[in-house]
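Chain and residue survey
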Amino acid sequence: MLFEHDLSRCFSDAIGESGIDRSAFEPVLAQTADSLAELREVRQKAGLPLLELPAARDDLIQPAAVAERLRRSSDQVILLGTGGSSLGGQTLAALAESPFGPRHGRPKLHFLDNIDPVTFEALLAQLDLSRTGFLVVSKSGGTAETLMQFLTLYPEVERRLGRSGAAERFAVITEPHANPLRRIAQRRGIEILDHDPGVGGRYSALSLVGLLPAMIAGLDTVAIRQGAADVLQRALTDDPAESQPAMGAAMNVALLWQKSLRTTVVMPYIDALASFGLWFRQLWAESLGKDGTGSTPIRAMGTVDQHSQLQLYLAGPQDKFYTLIMCPQAGKGPRVAPALAEDQALAYLAGRSMGDLLEAEQRATLETLAANGRPVRAINLPRLDERAMGALMMHFMLETIIAADLLGVNPFDQPAVEEGKRLAREHLAEMAGRG
Ligand code: PA5
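Given the structure is predicted, the values throughout are model-derived calculations rather than measurements.

So, how was this worked out
- Counting of residues starts from 1 at the beginning of each chain's written sequence and follows it residue by residue.
- Predicted model: local features are reported for residues with pLDDT of at least 70 only, side-chain atom pairs are reported and counted for 80 or more only, and whole-chain, interface and lining totals are derived from all residues.
- The side-chain values count all of the structure's non-hydrogen atoms but skip hydrogen atoms and water molecules.
- Working definition: helices are DSSP H or I runs of at least four residues, strands are E runs of at least two. Numbering for both runs from the N terminus.
- For the purposes of these results, a polar contact is taken to be a pair of N or O atoms within 3.5 Å, where, inside protein, one atom must be able to donate a hydrogen and its partner to accept one; residues adjacent in sequence count only when each atom of the pair is a side-chain atom.
- Working rule for contacts: check all heavy atoms of both residues, and any pair within 4.5 Å makes them a contact.
- Here the rule is simple: two strands pair whenever DSSP picks up at least two bridges between them.
- A clockwise course of the path from the first strand over the helix to the second, judged with the strands pointing away from the viewer, identifies a crossover as right-handed.
- Note that domain bounds follow an automatic or database assignment of domains.
- Buried area adds together the accessible area that both of two parts lose upon being put together, with accessible area traced by a 1.4 Å probe.
- Any carboxyl oxygen of Asp or Glu within 4 Å of a side-chain nitrogen of Lys or Arg constitutes a salt bridge here.
- In the scheme used here, Gly and all other residues not listed as nonpolar or charged are polar, with Ala, Val, Leu, Ile, Met, Phe, Trp, Tyr, Cys and Pro taken as nonpolar and Asp, Glu, Lys and Arg as charged.
- One heavy atom within 4 Å of a molecule or strand makes the whole residue count as near it.
- What sets the accessible areas is the Shrake-Rupley method with a 1.4 Å probe; for residues, cover comes only from the shown protein chains.
- Put plainly, a pocket is an open set of points on a 1 Å grid over the protein atoms alone with protein on both sides within 12 Å along at least five of seven lines, a cavity is a set where a 1.4 Å probe fits but cannot get out, and a lining residue has an atom within 4 Å of a point.
- Occupancy of a cavity or pocket is assigned to a molecule whenever over half of its atoms lie within 2 Å of that pocket's grid points.
- All axes are obtained by fitting lines to C-alpha atoms, using only the stretch in contact for helices, and the reported angles, taken between N-to-C directions, cover 0 to 180 degrees.
- Any pair of cysteine sulfurs within 2.5 Å is marked as a disulfide.
- Exposure categories follow from relative accessible area, calculated using a 1.4 Å probe and restricted to protein chains: below 20% of the type maximum is buried, above 50% is exposed, and the middle band is partly exposed.
- Grid points are joined across faces, edges and corners, and a volume is the space filled by probe spheres set on the points.

1. A look at the side chain of E156
- With respect to the secondary-structure elements, E156 resides in helix α7 (residues 144–169).
- Engagement of the side chain of E156 in a polar contact is seen with the side chain of R159, the distance being 2.7 Å.
- Sequence-distant contacts of E156, defined by excluding residues within four places in its chain, comprise L124 and L129.

2. Brief notes about the pairing of strand β6 (residues 191–194)
- Pairing of strand β5 (residues 170–174) with β6, which is carried by four bridges, proceeds in the parallel orientation. Within β6, the residue paired with V172 across the bridge is I192.
- In this fold, the crossover linking β5 to β6 by way of helix α8 (residues 180–188) has right-handed handedness.

3. Thoughts on the domain arrangement of the chain
- If you check the domain split of the chain, you get domain 1 (4–40 + 224–405) and domain 2 (53–219).
- For domain 1 and domain 2, the distance between their C-alpha centres works out to 31 Å.
- At the junction of the two partners, domain 1 supplies 26 residues and domain 2 supplies 24 residues.
- Where domain 1 abuts domain 2, roughly 2,100 Å² becomes buried across the two surfaces, and 67% of that area is made up of carbon and sulfur atoms.
- Contact with domain 2 buries area across many residues of domain 1, yet I224, R225 and Q282 alone supply 34% of it, more than any other trio.
- Across the pair R202 and E286 runs a salt bridge whose closest N-O atoms are separated by 3.3 Å.
- Counting the contacts that link domain 1 with domain 2 gives eight residue pairs in polar contact (both at pLDDT 80 or more).
- For the side of domain 1 that touches domain 2, the residue count by class is 15 nonpolar, six polar and five charged.

4. Description of the site of the ligand
- In the vicinity of the ligand, 14 residues are found, and the nearest of them are S85, S138, S140, T143 and Q282.
- Between K139 and the ligand, the recorded distance is 2.8 Å, taken from a backbone N or O atom to an oxygen atom.
- Between an oxygen atom of the ligand and a side-chain N or O atom of T143, the distance comes to 2.5 Å.
- In the complex, the protein chains occlude 90% of the 380 Å² of accessible area that the ligand would expose alone.
- Counting atoms within 2 Å of the grid points, the majority share of the ligand lands in the largest pocket.
- Considered class by class, the residues forming the shell around the ligand number no nonpolar, 10 polar and four charged.

5. Some words on the sheet that holds β5
- In spatial order, the strands read β3-β2-β4-β5-β6; together these five strands make up an open sheet with parallel pairing. If you trace the sheet from one side to the other, it starts and ends with β3 (108–112) and β6, each paired once. Going across the sheet, the axis of each strand differs from the next one's by a mean of 20 degrees, ignoring polarity.
- Of the pairings in the sheet, the one linking strand β2 (residues 76–80) to strand β4 (residues 132–137) comprises five bridges and is parallel in character. Residue pairing across strands places L80 opposite V136, the latter belonging to β4.

6. As for the state of the cysteines
- A full pass over the atoms with the stated rule returns zero disulfides.
- Free cysteine C10: the closest other cysteine sulfur is in C327, separated by 20 Å.
- Overall, C327 belongs to the buried group, its relative accessible area being 7%.

7. Considerations on empty space enclosed by the protein
- Counting across every chain of the model gives one cavity of 30 Å³ or more.
- Contributing to the lining of the largest cavity are N252, L256, L261, T263, T264, S295 and F321.
- Among the secondary structure elements, those contributing two or more residues to the lining of the largest cavity are α11 (244–259) and β7 (263–268).

Written as C-alpha coordinates, this is what we have:
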(Lines give C-alpha, C1' and ligand atoms only; values in the text may rest on other atoms or scores of the structure.)
Protein backbone atom coordinates (compact mmCIF):
# COMPACT_ATOMS: atom_id res chain seq x y z
CA MET A 1 0.00 0.00 0.00
CA LEU A 2 1.52 3.30 -1.10
CA PHE A 3 -0.63 5.40 1.22
CA GLU A 4 -3.54 5.13 3.58
CA HIS A 5 -6.57 7.29 2.78
CA ASP A 6 -8.51 7.90 5.96
CA LEU A 7 -11.83 9.76 5.77
CA SER A 8 -13.10 8.62 9.17
CA ARG A 9 -12.77 12.12 10.69
CA CYS A 10 -15.13 13.58 8.09
CA PHE A 11 -18.23 11.76 9.34
CA SER A 12 -20.66 12.91 12.01
CA ASP A 13 -20.04 9.79 14.09
CA ALA A 14 -16.46 11.04 14.61
CA ILE A 15 -16.72 14.85 14.70
CA GLY A 16 -20.35 15.62 15.43
CA GLU A 17 -22.96 17.40 13.38
CA SER A 18 -20.49 19.35 11.24
CA GLY A 19 -19.50 16.01 9.71
CA ILE A 20 -21.36 14.07 7.03
CA ASP A 21 -23.92 11.46 8.07
CA ARG A 22 -22.92 8.12 6.63
CA SER A 23 -26.45 7.66 5.31
CA ALA A 24 -26.28 11.01 3.50
CA PHE A 25 -22.84 10.15 2.07
CA GLU A 26 -24.02 6.92 0.44
CA PRO A 27 -26.13 8.50 -2.33
CA VAL A 28 -23.32 10.90 -3.29
CA LEU A 29 -20.82 8.05 -3.37
CA ALA A 30 -23.26 5.95 -5.40
CA GLN A 31 -23.33 8.67 -8.06
CA THR A 32 -19.61 8.16 -8.68
CA ALA A 33 -20.32 4.65 -9.99
CA ASP A 34 -21.23 6.19 -13.37
CA SER A 35 -17.97 8.15 -13.49
CA LEU A 36 -15.99 5.02 -12.66
CA ALA A 37 -17.83 3.04 -15.34
CA GLU A 38 -17.14 5.79 -17.87
CA LEU A 39 -13.46 5.90 -16.92
CA ARG A 40 -13.22 2.10 -17.24
CA GLU A 41 -14.81 2.26 -20.67
CA VAL A 42 -12.62 5.11 -21.83
CA ARG A 43 -9.59 3.23 -20.58
CA GLN A 44 -10.57 0.09 -22.43
CA LYS A 45 -10.81 2.09 -25.63
CA ALA A 46 -7.57 3.94 -24.84
CA GLY A 47 -9.68 7.10 -25.18
CA LEU A 48 -8.03 9.24 -22.47
CA PRO A 49 -4.25 9.48 -22.95
CA LEU A 50 -3.74 10.39 -19.27
CA LEU A 51 -4.82 6.86 -18.36
CA GLU A 52 -2.36 5.37 -20.84
CA LEU A 53 0.65 7.14 -19.36
CA PRO A 54 1.27 4.90 -16.32
CA ALA A 55 1.98 1.88 -18.54
CA ALA A 56 3.83 3.74 -21.30
CA ARG A 57 7.62 3.40 -21.54
CA ASP A 58 8.64 4.13 -25.17
CA ASP A 59 7.86 7.82 -24.79
CA LEU A 60 10.63 8.10 -22.19
CA ILE A 61 13.48 7.36 -24.62
CA GLN A 62 13.84 10.81 -26.19
CA PRO A 63 13.38 12.68 -22.89
CA ALA A 64 16.10 10.51 -21.32
CA ALA A 65 18.55 11.51 -24.05
CA VAL A 66 17.64 15.19 -23.70
CA ALA A 67 17.98 14.99 -19.91
CA GLU A 68 21.43 13.47 -20.32
CA ARG A 69 22.49 16.16 -22.82
CA LEU A 70 21.36 18.97 -20.52
CA ARG A 71 22.78 17.30 -17.42
CA ARG A 72 26.24 16.90 -18.96
CA SER A 73 26.49 20.47 -20.18
CA SER A 74 24.81 22.35 -17.33
CA ASP A 75 25.25 23.32 -13.71
CA GLN A 76 21.68 24.59 -13.73
CA VAL A 77 18.68 24.03 -15.94
CA ILE A 78 16.00 26.66 -16.23
CA LEU A 79 12.49 25.63 -17.10
CA LEU A 80 10.48 28.27 -18.93
CA GLY A 81 6.76 27.58 -18.77
CA THR A 82 3.74 28.30 -16.63
CA GLY A 83 0.72 26.59 -15.06
CA GLY A 84 0.46 22.96 -15.98
CA SER A 85 3.62 23.19 -18.04
CA SER A 86 5.66 23.94 -14.94
CA LEU A 87 3.95 22.76 -11.76
CA GLY A 88 4.19 19.01 -12.39
CA GLY A 89 7.92 19.24 -13.03
CA GLN A 90 8.40 21.46 -9.97
CA THR A 91 6.52 18.99 -7.81
CA LEU A 92 8.52 16.00 -8.99
CA ALA A 93 11.90 17.73 -8.93
CA ALA A 94 11.29 18.71 -5.29
CA LEU A 95 11.57 15.02 -4.43
CA ALA A 96 15.21 15.01 -5.50
CA GLU A 97 16.35 18.52 -4.63
CA SER A 98 16.63 19.88 -1.13
CA PRO A 99 16.17 23.64 -0.68
CA PHE A 100 19.98 23.76 -0.40
CA GLY A 101 20.86 22.18 -3.70
CA PRO A 102 20.43 19.40 -6.25
CA ARG A 103 21.37 15.73 -5.97
CA HIS A 104 25.06 15.00 -6.37
CA GLY A 105 26.14 15.32 -9.99
CA ARG A 106 22.85 16.86 -11.07
CA PRO A 107 22.19 20.41 -12.25
CA LYS A 108 20.03 22.66 -10.10
CA LEU A 109 16.58 23.16 -11.61
CA HIS A 110 14.97 26.59 -11.57
CA PHE A 111 11.34 27.01 -12.60
CA LEU A 112 10.68 30.48 -13.93
CA ASP A 113 6.94 30.54 -14.18
CA ASN A 114 6.50 34.27 -13.83
CA ILE A 115 7.45 37.26 -15.96
CA ASP A 116 8.83 39.69 -13.41
CA PRO A 117 11.48 41.73 -15.25
CA VAL A 118 13.56 42.10 -12.06
CA THR A 119 13.91 38.32 -11.77
CA PHE A 120 14.96 38.04 -15.39
CA GLU A 121 17.52 40.80 -15.14
CA ALA A 122 18.98 39.11 -12.05
CA LEU A 123 19.09 35.81 -13.92
CA LEU A 124 20.97 37.31 -16.85
CA ALA A 125 23.37 39.11 -14.53
CA GLN A 126 24.08 36.17 -12.24
CA LEU A 127 23.97 32.93 -14.23
CA ASP A 128 26.85 31.55 -16.24
CA LEU A 129 24.93 31.03 -19.49
CA SER A 130 27.67 28.80 -20.86
CA ARG A 131 26.80 26.26 -18.11
CA THR A 132 23.03 26.73 -18.20
CA GLY A 133 20.45 24.58 -19.97
CA PHE A 134 16.93 25.70 -20.87
CA LEU A 135 13.78 23.67 -21.22
CA VAL A 136 10.88 25.57 -22.77
CA VAL A 137 7.48 23.98 -22.19
CA SER A 138 4.21 25.12 -23.71
CA LYS A 139 1.52 22.74 -24.91
CA SER A 140 -0.12 25.36 -27.11
CA GLY A 141 3.18 26.99 -28.05
CA GLY A 142 1.35 30.30 -27.84
CA THR A 143 1.29 31.29 -24.16
CA ALA A 144 2.40 34.91 -23.96
CA GLU A 145 4.33 34.57 -20.68
CA THR A 146 6.36 31.58 -21.86
CA LEU A 147 7.05 33.16 -25.24
CA MET A 148 8.15 36.38 -23.54
CA GLN A 149 10.56 34.40 -21.36
CA PHE A 150 11.96 32.49 -24.30
CA LEU A 151 12.14 35.38 -26.75
CA THR A 152 14.03 37.56 -24.28
CA LEU A 153 16.46 34.87 -23.05
CA TYR A 154 17.29 33.07 -26.26
CA PRO A 155 18.98 35.98 -28.09
CA GLU A 156 21.29 36.53 -25.13
CA VAL A 157 22.34 32.87 -25.15
CA GLU A 158 22.81 32.96 -28.94
CA ARG A 159 24.83 36.17 -28.68
CA ARG A 160 27.22 34.50 -26.25
CA LEU A 161 27.38 30.95 -27.66
CA GLY A 162 26.51 31.28 -31.34
CA ARG A 163 23.54 29.61 -33.01
CA SER A 164 24.62 25.98 -32.72
CA GLY A 165 25.98 26.51 -29.20
CA ALA A 166 22.67 28.03 -28.16
CA ALA A 167 20.65 25.22 -29.77
CA GLU A 168 22.70 22.73 -27.71
CA ARG A 169 21.58 24.49 -24.54
CA PHE A 170 17.85 24.35 -25.32
CA ALA A 171 15.04 21.84 -25.67
CA VAL A 172 11.39 22.59 -26.33
CA ILE A 173 8.25 20.62 -25.45
CA THR A 174 5.18 21.58 -27.46
CA GLU A 175 2.31 20.03 -29.40
CA PRO A 176 3.09 18.43 -32.76
CA HIS A 177 1.32 21.02 -34.88
CA ALA A 178 2.34 24.39 -36.22
CA ASN A 179 2.52 26.95 -33.43
CA PRO A 180 4.75 29.96 -32.75
CA LEU A 181 7.10 28.20 -30.32
CA ARG A 182 7.54 25.22 -32.59
CA ARG A 183 8.26 27.41 -35.61
CA ILE A 184 10.97 29.38 -33.79
CA ALA A 185 12.54 26.20 -32.40
CA GLN A 186 12.59 24.61 -35.85
CA ARG A 187 14.21 27.67 -37.41
CA ARG A 188 16.86 27.77 -34.69
CA GLY A 189 17.67 24.04 -34.82
CA ILE A 190 16.44 23.46 -31.26
CA GLU A 191 15.41 19.90 -30.39
CA ILE A 192 11.63 19.54 -30.03
CA LEU A 193 9.78 16.90 -28.01
CA ASP A 194 6.10 16.38 -28.75
CA HIS A 195 3.54 17.22 -26.08
CA ASP A 196 0.66 14.76 -26.43
CA PRO A 197 -2.29 16.89 -27.61
CA GLY A 198 -4.64 14.63 -25.65
CA VAL A 199 -3.02 15.38 -22.28
CA GLY A 200 -4.11 18.71 -20.80
CA GLY A 201 -1.54 20.96 -19.12
CA ARG A 202 -2.60 20.35 -15.53
CA TYR A 203 -2.87 16.61 -16.20
CA SER A 204 0.58 16.38 -17.79
CA ALA A 205 2.82 15.68 -14.77
CA LEU A 206 3.16 12.00 -15.69
CA SER A 207 3.94 12.79 -19.33
CA LEU A 208 7.33 14.02 -20.50
CA VAL A 209 6.28 17.49 -19.28
CA GLY A 210 6.79 16.41 -15.67
CA LEU A 211 9.12 13.49 -16.27
CA LEU A 212 11.83 15.28 -18.26
CA PRO A 213 12.54 17.69 -15.38
CA ALA A 214 12.31 14.69 -13.03
CA MET A 215 14.96 12.89 -15.10
CA ILE A 216 17.24 15.92 -15.03
CA ALA A 217 16.86 15.97 -11.25
CA GLY A 218 17.89 12.29 -11.11
CA LEU A 219 14.57 10.61 -10.30
CA ASP A 220 13.40 7.14 -11.30
CA THR A 221 10.60 8.02 -13.69
CA VAL A 222 9.52 4.41 -14.23
CA ALA A 223 8.85 4.20 -10.49
CA ILE A 224 6.76 7.38 -10.68
CA ARG A 225 4.63 5.79 -13.40
CA GLN A 226 4.46 2.50 -11.52
CA GLY A 227 2.98 4.31 -8.51
CA ALA A 228 0.40 5.93 -10.77
CA ALA A 229 -0.38 2.54 -12.34
CA ASP A 230 -0.93 1.01 -8.88
CA VAL A 231 -3.53 3.65 -8.03
CA LEU A 232 -5.22 3.46 -11.42
CA GLN A 233 -5.45 -0.32 -11.17
CA ARG A 234 -7.36 -0.18 -7.90
CA ALA A 235 -9.34 3.02 -8.47
CA LEU A 236 -11.57 2.02 -11.37
CA THR A 237 -13.54 -0.69 -9.56
CA ASP A 238 -17.28 -1.42 -9.77
CA ASP A 239 -17.68 -0.58 -6.12
CA PRO A 240 -17.10 3.11 -5.40
CA ALA A 241 -16.50 2.32 -1.72
CA GLU A 242 -13.36 0.45 -2.82
CA SER A 243 -12.10 3.36 -4.91
CA GLN A 244 -10.13 5.92 -2.92
CA PRO A 245 -10.39 8.66 -5.59
CA ALA A 246 -14.18 8.11 -5.77
CA MET A 247 -14.40 8.26 -1.96
CA GLY A 248 -12.34 11.47 -1.89
CA ALA A 249 -14.39 13.10 -4.65
CA ALA A 250 -17.67 12.11 -3.01
CA MET A 251 -16.52 13.49 0.34
CA ASN A 252 -15.46 16.84 -1.17
CA VAL A 253 -18.76 17.15 -3.00
CA ALA A 254 -20.91 15.93 -0.09
CA LEU A 255 -19.27 18.54 2.15
CA LEU A 256 -19.91 21.20 -0.50
CA TRP A 257 -23.53 20.26 -1.09
CA GLN A 258 -24.60 19.28 2.41
CA LYS A 259 -22.42 21.51 4.61
CA SER A 260 -21.59 24.39 2.21
CA LEU A 261 -17.85 23.83 2.66
CA ARG A 262 -16.46 25.85 -0.22
CA THR A 263 -12.77 25.65 0.63
CA THR A 264 -10.45 22.67 0.56
CA VAL A 265 -7.14 22.93 2.40
CA VAL A 266 -4.29 20.60 1.52
CA MET A 267 -1.61 20.62 4.19
CA PRO A 268 1.42 18.35 3.78
CA TYR A 269 3.76 17.90 6.75
CA ILE A 270 6.65 17.17 4.38
CA ASP A 271 8.84 19.88 2.83
CA ALA A 272 9.29 17.84 -0.36
CA LEU A 273 5.52 18.19 -0.89
CA ALA A 274 5.49 21.99 -0.71
CA SER A 275 5.18 22.21 -4.49
CA PHE A 276 2.69 19.36 -4.52
CA GLY A 277 0.26 21.69 -2.75
CA LEU A 278 0.70 24.25 -5.55
CA TRP A 279 0.23 21.57 -8.20
CA PHE A 280 -2.94 20.34 -6.52
CA ARG A 281 -4.23 23.90 -6.15
CA GLN A 282 -4.06 24.51 -9.89
CA LEU A 283 -5.50 21.09 -10.73
CA TRP A 284 -8.50 21.52 -8.45
CA ALA A 285 -9.18 25.20 -9.15
CA GLU A 286 -8.86 25.20 -12.91
CA SER A 287 -10.68 21.89 -13.35
CA LEU A 288 -13.69 22.57 -11.12
CA GLY A 289 -14.17 26.33 -10.93
CA LYS A 290 -16.87 26.63 -13.58
CA ASP A 291 -20.54 27.51 -13.94
CA GLY A 292 -20.60 29.01 -10.43
CA THR A 293 -19.49 25.78 -8.76
CA GLY A 294 -16.23 24.31 -7.41
CA SER A 295 -14.41 24.83 -4.14
CA THR A 296 -11.41 27.03 -3.46
CA PRO A 297 -8.16 25.12 -2.85
CA ILE A 298 -5.71 26.40 -0.29
CA ARG A 299 -2.16 25.13 0.03
CA ALA A 300 -0.89 25.10 3.59
CA MET A 301 2.29 23.62 5.08
CA GLY A 302 2.78 21.87 8.37
CA THR A 303 4.20 22.88 10.75
CA VAL A 304 4.72 26.39 9.38
CA ASP A 305 1.04 27.23 8.99
CA GLN A 306 0.24 26.10 12.52
CA HIS A 307 1.78 29.46 13.37
CA SER A 308 -0.13 31.31 10.68
CA GLN A 309 -3.42 29.69 9.66
CA LEU A 310 -4.34 27.14 12.33
CA GLN A 311 -6.18 29.56 14.61
CA LEU A 312 -8.50 30.36 11.69
CA TYR A 313 -8.82 26.70 10.74
CA LEU A 314 -9.83 25.72 14.27
CA ALA A 315 -12.03 28.61 15.30
CA GLY A 316 -12.79 30.62 12.17
CA PRO A 317 -15.67 30.05 9.75
CA GLN A 318 -16.84 26.47 9.40
CA ASP A 319 -16.31 26.48 5.63
CA LYS A 320 -13.29 24.25 5.01
CA PHE A 321 -12.38 20.63 4.38
CA TYR A 322 -8.84 19.66 5.42
CA THR A 323 -6.47 17.11 3.96
CA LEU A 324 -3.32 16.45 5.98
CA ILE A 325 -0.56 14.52 4.19
CA MET A 326 1.84 12.87 6.58
CA CYS A 327 4.75 10.44 6.81
CA PRO A 328 5.88 8.64 9.96
CA GLN A 329 8.54 10.91 11.40
CA ALA A 330 9.34 9.52 14.85
CA GLY A 331 13.04 9.03 15.47
CA LYS A 332 14.14 10.78 12.28
CA GLY A 333 16.67 13.58 12.02
CA PRO A 334 18.99 15.17 14.55
CA ARG A 335 18.40 14.81 18.30
CA VAL A 336 18.48 17.38 21.06
CA ALA A 337 21.48 16.71 23.31
CA PRO A 338 20.04 16.21 26.83
CA ALA A 339 22.87 18.29 28.28
CA LEU A 340 21.73 21.31 26.28
CA ALA A 341 18.10 20.88 27.34
CA GLU A 342 18.78 20.78 31.08
CA ASP A 343 16.43 23.72 31.66
CA GLN A 344 13.21 22.25 33.17
CA ALA A 345 11.14 24.09 30.58
CA LEU A 346 12.98 22.18 27.86
CA ALA A 347 12.72 18.72 29.42
CA TYR A 348 10.10 17.66 26.86
CA LEU A 349 12.68 18.14 24.09
CA ALA A 350 15.65 16.45 25.78
CA GLY A 351 16.83 13.45 23.79
CA ARG A 352 14.03 13.93 21.24
CA SER A 353 14.65 13.93 17.50
CA MET A 354 13.32 16.57 15.14
CA GLY A 355 11.13 13.86 13.61
CA ASP A 356 9.64 13.12 17.06
CA LEU A 357 8.47 16.72 17.30
CA LEU A 358 7.09 16.71 13.74
CA GLU A 359 5.28 13.43 14.40
CA ALA A 360 3.75 14.81 17.59
CA GLU A 361 2.67 18.03 15.87
CA GLN A 362 1.08 16.43 12.82
CA ARG A 363 -0.88 14.06 15.04
CA ALA A 364 -1.90 16.91 17.31
CA THR A 365 -3.18 18.99 14.39
CA LEU A 366 -5.19 16.08 13.01
CA GLU A 367 -6.75 15.38 16.39
CA THR A 368 -7.41 19.04 17.23
CA LEU A 369 -9.12 19.72 13.92
CA ALA A 370 -11.37 16.71 14.47
CA ALA A 371 -12.01 17.66 18.10
CA ASN A 372 -13.14 21.11 16.91
CA GLY A 373 -15.63 19.54 14.53
CA ARG A 374 -13.58 20.27 11.41
CA PRO A 375 -13.80 17.53 8.74
CA VAL A 376 -10.26 16.31 8.16
CA ARG A 377 -8.88 13.62 5.89
CA ALA A 378 -5.56 11.94 6.75
CA ILE A 379 -3.32 10.70 3.97
CA ASN A 380 -0.59 8.62 5.57
CA LEU A 381 2.40 7.72 3.41
CA PRO A 382 4.68 5.03 4.85
CA ARG A 383 7.43 6.76 2.85
CA LEU A 384 7.67 9.46 0.22
CA ASP A 385 9.54 8.27 -2.85
CA GLU A 386 8.99 8.27 -6.59
CA ARG A 387 6.40 5.53 -6.47
CA ALA A 388 4.41 7.21 -3.71
CA MET A 389 4.54 10.54 -5.55
CA GLY A 390 3.22 8.97 -8.76
CA ALA A 391 0.47 7.35 -6.71
CA LEU A 392 -0.50 10.61 -5.02
CA MET A 393 -0.60 12.48 -8.31
CA MET A 394 -2.77 9.88 -10.01
CA HIS A 395 -5.06 9.76 -6.98
CA PHE A 396 -5.68 13.51 -7.04
CA MET A 397 -6.12 13.66 -10.82
CA LEU A 398 -8.76 10.92 -10.67
CA GLU A 399 -10.40 12.51 -7.64
CA THR A 400 -10.62 15.80 -9.53
CA ILE A 401 -12.09 14.19 -12.66
CA ILE A 402 -14.69 12.30 -10.62
CA ALA A 403 -15.56 15.42 -8.58
CA ALA A 404 -16.03 17.33 -11.86
CA ASP A 405 -18.43 14.66 -13.03
CA LEU A 406 -20.43 14.96 -9.81
CA LEU A 407 -20.54 18.74 -10.18
CA GLY A 408 -21.47 18.53 -13.85
CA VAL A 409 -18.48 20.45 -15.21
CA ASN A 410 -15.79 19.61 -17.75
CA PRO A 411 -12.51 19.03 -15.87
CA PHE A 412 -10.36 19.51 -18.96
CA ASP A 413 -11.16 23.02 -20.19
CA GLN A 414 -10.60 26.53 -18.78
CA PRO A 415 -12.84 28.87 -20.80
CA ALA A 416 -12.66 31.79 -18.37
CA VAL A 417 -8.84 31.87 -18.44
CA GLU A 418 -8.85 31.89 -22.23
CA GLU A 419 -10.91 35.09 -22.14
CA GLY A 420 -8.26 36.78 -19.95
CA LYS A 421 -5.48 35.68 -22.32
CA ARG A 422 -7.35 37.24 -25.25
CA LEU A 423 -7.78 40.54 -23.40
CA ALA A 424 -4.10 40.66 -22.39
CA ARG A 425 -3.12 40.35 -26.06
CA GLU A 426 -5.49 43.19 -26.93
CA HIS A 427 -3.98 45.44 -24.23
CA LEU A 428 -0.49 44.68 -25.48
CA ALA A 429 -1.55 45.58 -29.00
CA GLU A 430 -2.99 48.89 -27.71
CA MET A 431 0.36 49.67 -26.05
CA ALA A 432 2.16 49.00 -29.34
CA GLY A 433 -0.30 51.36 -31.06
CA ARG A 434 0.55 54.11 -28.56
CA GLY A 435 4.25 53.47 -29.22
O1 PA5 B 1 -3.67 23.48 -17.14
C2 PA5 B 1 -3.67 24.22 -18.10
O3 PA5 B 1 -4.19 23.89 -19.17
C4 PA5 B 1 -3.02 25.57 -18.02
O5 PA5 B 1 -2.62 25.90 -16.74
C6 PA5 B 1 -1.79 25.59 -18.92
O7 PA5 B 1 -0.89 24.59 -18.51
C8 PA5 B 1 -1.07 26.94 -18.91
O9 PA5 B 1 -1.97 27.96 -19.27
C10 PA5 B 1 0.10 26.95 -19.87
O11 PA5 B 1 -0.34 26.62 -21.17
P12 PA5 B 1 0.66 26.15 -22.28
O13 PA5 B 1 1.27 24.87 -21.85
O14 PA5 B 1 -0.15 26.02 -23.51
O15 PA5 B 1 1.71 27.22 -22.41
